[in-house]
Amino acid sequence: MIDIWYIKFSLRYVFPNFAPLNFRIQHTHIMKKHNYSAGPCILPQEVFEKSAEAILNFNNSGLSILEISHRSKDFVAVMDEARALALDLLGLTGKGYQALFLHGGASLEFLMIPYNLMKKDGKAAYLDSGTWASSAIKEAVSFGETVVVASSKSENYNHIPKGYVVPADADYFHCTSNNTIFGTQIKDFPSLDIPVVCDMSSDIFSRVLDFSKFDLIYAGAQKNMGPAGTTLVVIKEEILGKTGRTIPSMLDYEKHIKAESMYNTPAVFPVYASLLTLQWLKKLGGIAAIEKINNAKASLLYAEIDRNPLFRGAAKVEDRSIMNATFLLENEAHAPIFDTLWKEAGISGLPGHRSVGGYRASMYNALPLESVEVLVDVMKDLEIKVSEMKF
Ligand SMILES: *Cc1c(COP(=O)(O)O)cnc(C)c1O
């Protein structure tokens, strides 16, 4: 199979205009799973296909994207388009924002943010709504006074804290829009006079928000935008350069902006695959279009969690995430049957995070509605199987 395909590819290279050789990589022999993984996660099939093509022959250059210079004209165009398209999709073009594709995952942003935004004798305010929020807080603490305005930790983060007060003299307020592990999501963001920083790793580009309410948005690519290896950071430029700190070059947002996100070798392939995902989203109709689909998927699953007497949701209803739905079996004894059923249905990545247990269905942008229908059918099937067992 591979051999024929390789020969076809090689011939195509010799006869670039001979139509029968202009292949699309076919995956018809692969049985694709319904991938509910929390991250790295499912991406659109067309992104996998175009990425695969670019690894073999990028832009018909006769070179792989893995072997070209990041300073080549072709790759600079990729980086420029990815940065521009990210701002475009968020509705932030021409509003004083810059988009960067950096290294180090969302976790490196946990320390870059206080480095770049917390004044030498200043303070920062944080909302503690989950494990990732608390990791961000841990990093801020070593930079200066870190005020935790509210926390839902004592209830195992099953809801988003509300009714908190953010100190008006804080250098910034940090929150996490979607708590990937616990399945909660902020629906209303505070309007503040200080910079608002948001970790949107697991729900970026999934729902319509007024993104201009945020001064810094960041997201590890591997949840809803691309493969692991790059982090999108969107910054309102005017908030930078006010701390009085000496910032190491690689951690300095201003240096990365000046270098147009090429201060050092960027993660060439993850940035390219992210661009393909953003192009897919743009073609689909942008965030407004995907939000409708995401809402339909989440409604379908939550309706079954609430209807089916064998299951219950882990998060408070009003804070439920449309990206990560966490749910538990009422009776743990049913776990072996349920696990067998969903595996047989071709579902992958459903077990919950160890700190919640049960199950977590991550319904990122690329997960089709059909996959949720399959899961809901399995849950109904379990109900039938269990009722048969009783008699
Ligand atoms: C996964 C995740 C992170 C950590 O991302 P890395 O890129 O692995 O550092 C941070 N925040 C949230 C909300 C996440 O879901």
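Please refer to the structure higher up on the page.
Residues numbered from 1 in each chain as written. Predicted model: local features only at pLDDT ≥ 70, side-chain atom pairs only at ≥ 80, totals over all residues. Heavy atoms only, no water.

**Some points on the site of the ligand**
As a matter of local geometry, the ligand sits amid 13 residues, with Ser107, Thr180, Asp199, Gln222 and Lys223 nearest to it. In this structure, Ala106 approaches the ligand through a main-chain N or O atom, which is 2.9 Å from an oxygen atom. Between the ligand and Gln222, the relevant distance is 2.9 Å, taken from an oxygen atom to a side-chain nitrogen or oxygen of the residue. With four residues, helix α4 (residues 105–117) is the largest single contributor of residues to the shell around the ligand. (Near = heavy atom within 4 Å. Polar contact = N/O pair within 3.5 Å; in protein donor to acceptor, adjacent residues only side chain to side chain. Helix = DSSP H or I, 4+ residues; strand = E, 2+ residues; numbered from the N terminus.)

**Re the pattern of salt bridges**
Applying the stated rule across the entire model yields 13 salt bridges. Across the pair Asp203 and Arg207 runs a salt bridge, and its minimum N-O distance is 3.1 Å. You'll find Asp203 and Arg207 in the same group, each marked buried. A salt bridge links Asp381 to Lys385, with the nearest nitrogen and oxygen atoms 3.6 Å apart. Here Lys385 and Asp381 lie together in helix α10 (residues 369–390), a separation of four residues that amounts to about one turn. The exposure class of Lys385 is partly exposed, given its relative accessible area of 33%. Here the residues in one salt-bridge network are Glu46, Lys50 and Lys283, joined through shared partners. (Salt bridge = Lys/Arg side-chain N within 4 Å of Asp/Glu carboxyl O. Buried < 20%, exposed > 50% of the residue type's maximum accessible area, 1.4 Å probe, protein only.)

**Digging into the nonpolar core**
In this structure, Phe173, Phe205, Leu232 and Val234 are the most contacted members of the largest nonpolar core, which totals 56 residues. If you tally residues by element for this core, the top one is helix α3 (residues 73–90), at nine residues. Ignoring sequence-local partners within four residues, the contact set of Leu232 consists of Ala86, Ala99, Leu100, Phe101, Ile204, Phe205, Ile217, Tyr218, Ala219 and Met225. One finds Ala335, Phe338, Met363 and Leu367 within the second-largest nonpolar core, a separate group that totals 30 residues. (Core = buried A, V, L, I, M, F, W, Y, C linked by side-chain atoms within 4.5 Å. Contact = heavy atoms within 4.5 Å.)

**Some details on the environment of Ser142**
Relative to the helices and strands, Ser142 resides in the loop between α5 (131–141) and β4 (145–151). In the structure, Ser142 is positioned 135 residues away from Thr277 in sequence and 36 Å away in space, judged by C-alpha atoms. A polar side-chain atom of Ser142 sits 2.9 Å from the main-chain carbonyl oxygen of Glu139.

**Observations concerning the sheet that holds strand β14 (residues 359–362)**
Remark on secondary structure: sheet strands pair via backbone hydrogen bonds, oriented parallel or antiparallel. Taken in spatial order, the three strands of this open sheet run β11-β12-β14, and their pairing is antiparallel. In this open sheet, the two strands that pair with only one neighbour each are β11 (311–313) and β14. With strand direction ignored, the average angle separating the axes of adjacent strands in the sheet is 35°. Alignment of strand β12 (residues 324–329) against β14, held across four bridges, turns out to be antiparallel. Bridging across to β14, Thr326 finds its partner in Arg360. Packed onto the sheet, helix α8 (residues 286–307) meets β11, β12 and β14 and runs at close to 20° relative to β12. (Pairing = 2+ DSSP bridges. Axes fitted to C-alpha atoms, helices over the stretch in contact; angles between N-to-C directions.)

**Quick notes on the layout of surface pockets**
Approximately 220 Å³ is the volume found for the second largest pocket. Partitioning the lining of the second largest pocket into residue classes produces six nonpolar, four polar and three charged. (1 Å grid on protein atoms, 1.4 Å probe; cavity = no way out; pocket = protein on both sides within 12 Å on 5 of 7 lines; lining within 4 Å. Points joined across faces, edges and corners; volume = space filled by probe spheres on them. Nonpolar A, V, L, I, M, F, W, Y, C, P; charged D, E, K, R; others polar.)

**Focus: the packing of aromatic side chains**
Working definition: an aromatic ring pair is given by the centre-to-centre distance plus the angle between the planes. Tallying each qualifying case throughout the model produces eleven aromatic pairs. Between the aromatic rings of Phe189 and Phe214, the centroid separation amounts to 4.9 Å while the plane-to-plane angle is 85°, which identifies the pairing as edge-to-face. With Phe189 in the loop between β7 (184–185) and β8 (196–199) and Phe214 in the loop between β8 and β9 (216–220), this pair connects stretches of sequence that are 25 residues apart. Of the two residues examined, Phe189 and Phe214, each falls in the buried class. (Phe/Tyr/Trp six-rings, centres within 6.5 Å; stacked < 30°, edge-to-face > 60°.)

**Comments concerning the pairing of β12**
In regular strands, side chains alternate between the two faces of the sheet. Across the six residues of β12, six count as buried, placing the element largely inside the fold. With burial as the criterion, each face of β12 is covered, one bearing Asn324, Thr326 and Leu328 and the other bearing Ala325, Phe327 and Leu329. Summarising the sheet, β11 and β12 pair through three bridges and their orientation is antiparallel. Within β12, the position partnered with Gly313 by the bridge is Phe327.

**Here's the deal with the side chain of Asn294**
Structurally, Asn294 is set in helix α8. Given the relative accessible area of 0%, Asn294 is considered buried. For Asn294, the side chain forms a polar contact with the side chain of Asn365, separated by 2.9 Å.

**Quick look at the sheet that holds strand β10 (residues 231–236)**
Spatial ordering of the open sheet is given by β2-β10-β9-β8-β5-β3-β4, a layout of seven strands whose pairing is mixed. Of all the strands in the sheet, the pair left with one neighbour each is β2 (97–102) and β4. Pairwise comparison of adjacent strand axes, ignoring direction, gives a mean angle of 15° for this sheet. Pairing of β8 with β9 involves three bridges; the strand directions are parallel. The residue bridging Val197 from the neighbouring strand is Leu216, located in β9. The sheet strands contacting α3 are β2 and β10, and the helix crosses β2 at an angle near 130°. Lying on the sheet, α4 is in contact with β2, β3 (123–128), β5 (173–176), β8, β9 and β10; it crosses β9 at an angle near 160°.

By themselves these figures say nothing about function.
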